[in-house]
Amino acid sequence: MSENLSATALPSDDARSFSALQAKWQRYWADNNTFEADADDTERPHKYVLAMFPYPSGDLHMGHAENYLYSDIVARYWRHRGYNVLHPIGWDSFGLPAENAAIRRGADPREWTYENIDQQKAGFRSYGVSFDWSRVLHTSDPEYYRWNQWLFLKLYERGLAYRKESPVNWCPNDQTVLANEQVVDGRCERCGAEVVKKKLTQWYFRITEYADRLLDDLDQLEGHWPQKVLQMQRNWIGRSTGADIDFAIEGREGVVTVFSTRPDTLAGATFFVVAPDSDIAAELAAGSTPEVQAEFAAYLTKVQKQTEIERQSTDRPKTGVFLDRYAVNPLNGERLPIWAADYVLADYGHGAVMAVPAHDQRDLDFARAFDLPVRLVVDTTVTGGSNEGEDIAALHPEHTGQALTGDGIMVNSAELDGLGRAEAIAQATATLQERGTGRQAKNYRLRDWLISRQRFWGTPIPMVHTAEGDVVPVADSELPVTLPSIDGLDLTPKGTSPLGAAESWVTTTDPTTGAPARRDPDTMDTFVDSSWYFLRFLSSTSDTVAFDPEAAAQWAPVDFYIGGVEHAILHLLYARFITKVFHDMGLVSFNEPFSSLINQGMVILDGAKMSKSKGNLVLFHEELERFGADALRVALAFAGPVEDDKDWADVSTTGAQKFLARALRVATEVTSPVGTPADGGFAALRHDTHRLLAEAPELVEQTKFNVLVARLMELVNHTRKAIDGEAGPGDPAVREAVEVLTMMLDLVAPHTAEEMWEILGHEPSVGLVEWPAADQTLAADTTVTTAIQVNGKVRATIDVPAGISESELESRARADERIQKALDGKEIVRVIVRAPKIVNFAVKG
Ligand code: ANZ
């Protein structure tokens, strides 16, 4: 046995003894690489446990303490169940905060980033998290981002990475583009500045090609991911089904297509609307009168200042410009006046709509504002209709201002008359298809993923611009394209990438001809880095592959993934997309990266979110120093259900410390030798021990960590009583109870558990010891009825556990009110206890 700290430092309510104990075991784990996954062991079943990797924003905070505690509990649990467990850690270390900090300090983003990473690494070590430290990765290392570049080129080869000019979300403060996902309520997700639209040429990943699979495969995750996250993903992808319908335009060659979910209502179209900021609007206006051109230009300027949210909100007056042009209804040849109006968006569907005011509220509002006709084509008052039995004349939208969007039968629609909605849609689509003026279509809210950023601190895009204006890939052998030094570079945002000014870096040669060329100066969105990092952990040191498909077959997908709900859309959607691409490349056999997902709640203080600006931060390292890692871990685990927010004001770290001291003390009091069989030991305690063994797996697998801690506290109490009472410290059931307690305590308080294990006479590490199976007979909750007699006469009966001890039974009998009455004023001469059936008090007087 090595130095036995607890012998001298007990009782351990004193934080210093905990800190000595922490240092001892953290050194042991580091020296022995205790928690490395065994890459060569294919015998044992595998578990891949992962918490979303951290951004190195400074010291670890209480949110980290919570998140990585949970993944640690799960990782430790599966080791105790005999699994080969992978629980890796890395850093998502590219991104704007490092760059902004570097600009403020006039320093290199590398310095800030790697200093913070070192600090967080030390934090995790002193928190006792059982990571596999041999697989650490940092996305800002060339060894990592080289594979981002490889991924980019693979996507490019497959036609999934492309460049195009389009209106993009532009953050005027950060001076960079944002993906749609990074715009929240019209504002930059990072800095809160109002986002504007700007036309730029950018790189995109064609995620829309995977829209159907991204949507349909969510069904596989039902019951394994939070319902809320599944719904958010579904809404984000936003699939609509309907038809594309082609409209000819008078005085113009070719057609303009609209997407409609209601092709059945085509006969009810009374006008046509184009998005003011679409190419077609500009073209139609240009072909119109000078007055229209002027009015349109003024309107467009106004519209461009609006956010998408404003444009879509329904409670503002409708505005628009009549372009003095006409579209032709492909069904009946009717002329439809064309308007440009901001409620139609340029980048949804085709940026144009056929307006059916009777049955679409937005169109109706517009028609009423500009006095356009409203023609009813669905009668919703018929039997089975949405307004069954009402008067259709009274319901006419022209008068009520309420569009009739419900079900009914078709009217005023020639051959469709009399059909219900589904048949009418099918029939209308078939007719359009026959005539070659329409076809079935699906439409998505999901847009392609804009991945280029005009910033320094990210993965350089591995493409080269030739003198001829071609854009060609960097040869694979030339990877990585590493970031240059920042010497002489101005990183302040200017709207173009700072890399463009690194002349010697930008200057390169055309990989095929050797002619002078220039590197693409943009870097990748950091969500590219995190879209596949969980696979890199499988081969984090390889310089020949991004990840080894065989290792992926062994370990992936991730069995247990945990992180904040703020990643419900962005990160998870991108990771799902890239996984599907890898699947199509034949690199992985699965379609979904994360088999189960948990969103933990937040750690708050006095009901409010903690923040630096509010000055209500609870600092991780301060809590750690004051209470020790184990007490912090126990307090957090005990604080409530995983998904709930935890108010630090209600969390008892001192209570946790006391519990740990009690646990440690019972371990020191066990006197039976190692290996003593528990058979015949104190029955009540054996029952408690085996009931916990039977219950614990379900508690952990259902992430009810708080309940598990409560059970451990009970077992400590029961053991304490057994030691002090009838059983005594030498009873083999006491050793059994303390050993089981130690193996389970390891999930939440690993330092204390290691120490107890050693005190009990075992070799470390308890973290690798398999839990014994519960003896179901001992665990069973059988109760029997005991008769309590006074001088041989039954005065009461009580139900007790079959394995109850004699002392326990006697004290329960004494506690019974009826017995207390019967004994009142009498002297007890003798107590006869025959557990569990009879208690008899012999009394005098
Ligand atoms: C005619 C019609 C009649 C429509 C009717 C609806 C009801 P979701 O379900 O969100 O996909 N639309 C198409 N492109 C648009 C754009 N770029 N900007 C604004 N609105 C657009 O919505 C599809 C419906 O939204 C389409 O179906 C179209 O209006 C409109 F009784 O076509 B509908």
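Every value quoted in this text rests on a predicted model; they were computed, and no experiment measured them. (Residues numbered from 1 in each chain as written. Predicted model: local features only at pLDDT ≥ 70, side-chain atom pairs only at ≥ 80, totals over all residues. Heavy atoms only, no water.)

A separate point is the site of the ligand. Neighbouring the ligand are 17 residues; Ser240, Ser260, Leu345, Tyr348 and His359 lie closest to it. At 2.7 Å, a side-chain N or O of Ser260 approaches an oxygen atom of the ligand. Here an oxygen atom of the ligand sits 3.0 Å away from a polar atom, N or O, in the main chain of Thr261. In the complex, the protein chains occlude 84% of the 640 Å² of accessible area that the ligand would expose alone. The set of elements that each furnish at least two residues to the shell around the ligand consists of strand E11 (255-260) and strand E15 (352-355). Of the residues that constitute the shell around the ligand, the class distribution is 8 nonpolar, 6 polar and 3 charged. (Near = heavy atom within 4 Å. Polar contact = N/O pair within 3.5 Å; in protein donor to acceptor, adjacent residues only side chain to side chain. Areas by Shrake-Rupley, 256 points an atom, 1.4 Å probe, with all protein chains shown as cover. Helix = DSSP H or I, 4+ residues; strand = E, 2+ residues; numbered from the N terminus. Nonpolar A, V, L, I, M, F, W, Y, C, P; charged D, E, K, R; others polar.)

What follows is about the packing of helix H23 (residues 629-638) against helix H26 (residues 705-724). Packing of H23 against H26 leaves a shortest axis separation of 7 Å and a crossing angle of 115°. Counting all contacts with H23, which are made through Val634, Ala637 and Phe638, the residues of H26 involved are Phe705, Asn706, Val709, Ala710 and Met713. Considered class by class, the residues forming the contact of H23 with H26 number 7 nonpolar, 1 polar and no charged. (Axes fitted to C-alpha atoms, helices over the stretch in contact; angles between N-to-C directions. Contact = heavy atoms within 4.5 Å.)

With that settled, the discussion passes to the environment of Glu550. Locating Glu550 in the fold gives a position in helix H20 (residues 549-555). When the C-alpha positions of Glu550 and Glu817 are compared, they lie 69 Å apart, and in sequence the two are 267 residues distant.

Moving on to the pattern of salt bridges. When charged atoms on two side chains of opposite charge get close, those side chains can pair. Here the structure, examined in full by the defined rule, presents 43 salt bridges. Note that Arg262 and Asp264 form a salt bridge whose closest N and O atoms lie 3.0 Å from each other. Exposure remark for Arg262: the relative accessible area of 13% places this residue in the buried category. Residues participating in the shared-partner salt-bridge network are Asp72, Arg76, Arg633 and Asp746. (Salt bridge = Lys/Arg side-chain N within 4 Å of Asp/Glu carboxyl O. Buried < 20%, exposed > 50% of the residue type's maximum accessible area, 1.4 Å probe, protein only.)

So, on to helix H9 (residues 227-237). Those residues of H9 that sit buried are Val229, Leu230, Gln233, Arg234, Trp236 and Ile237. With its buried residues spanning 165° around the axis, H9 presents them on a single face. Considering only its buried residues, H9 is in contact with helix H7 (211-216), helix H8 (218-221), strand E10 (239-249), strand E18 (438-444), helix H21 (570-584) and strand E27 (597-599). Downstream of H9 by a residue or two, Gly238 has a phi angle that is positive, lying close to 50°. (Arc of directions from axis to C-beta.)

Our next topic: the domain arrangement of the chain. Per the domain assignment, the segments making up the chain are domain 1 (18-138 + 530-609), domain 2 (148-234 + 450-527), domain 3 (239-444), domain 4 (652-779) and domain 5 (783-844). One C-alpha centre belongs to domain 3, the other to domain 4; they are set 71 Å apart. (Domains from an automatic or database assignment.)

Attention shifts here to the sheet that holds strand E9 (residues 196-205). Strands pair in a sheet through their backbones, by hydrogen bonds, and they do so in one of two ways: parallel or antiparallel. Across the sheet, 4 strands lie side by side as E6-E5-E9-E19; this open sheet has antiparallel pairing. Edge positions in the sheet fall to strand E6 (176-178) and strand E19 (449-450), since each of these pairs with one other strand and no more. Sheet topology places strand E5 (residues 161-171) next to E6; 3 bridges connect them, and they run antiparallel. Residue Asn169 lies in a different strand from E6, and its bridge partner there is Leu178. (Pairing = 2+ DSSP bridges.)

Next up on the list: the sheet that holds strand E2 (residues 84-86). Reading across from one edge, E2-E1-E26-E27 is the order of the 4 strands in this open sheet, with parallel pairing throughout. Two strands in the sheet have a free side with no partner beyond their single neighbour: E2 and E27. Put simply, the sheet's adjacent strands are angled 15° from each other on average, direction ignored. Looking at chain direction, strand E26 (residues 560-563) and E27 are connected through 3 bridges and run parallel. The residue bridging Ile562 from the neighbouring strand is Ile598, located in E27. Where helix H3 (residues 62-80) meets the sheet, it contacts strand E1 (46-51), E2 and E26, and its direction lies at approximately 170° from that of E1.

Turning our eyes to something else, we now look at the environment of Phe322. Locating Phe322 in the fold gives a position in strand E13 (residues 320-328). Distance from Phe322 to Lys197, taken between C-alpha atoms, is 24 Å for residues 125 residues apart in sequence. Apart from residues no more than four positions distant in its own chain, Phe322 is found in contact with Val292, Pro337, Ile338 and Trp339.

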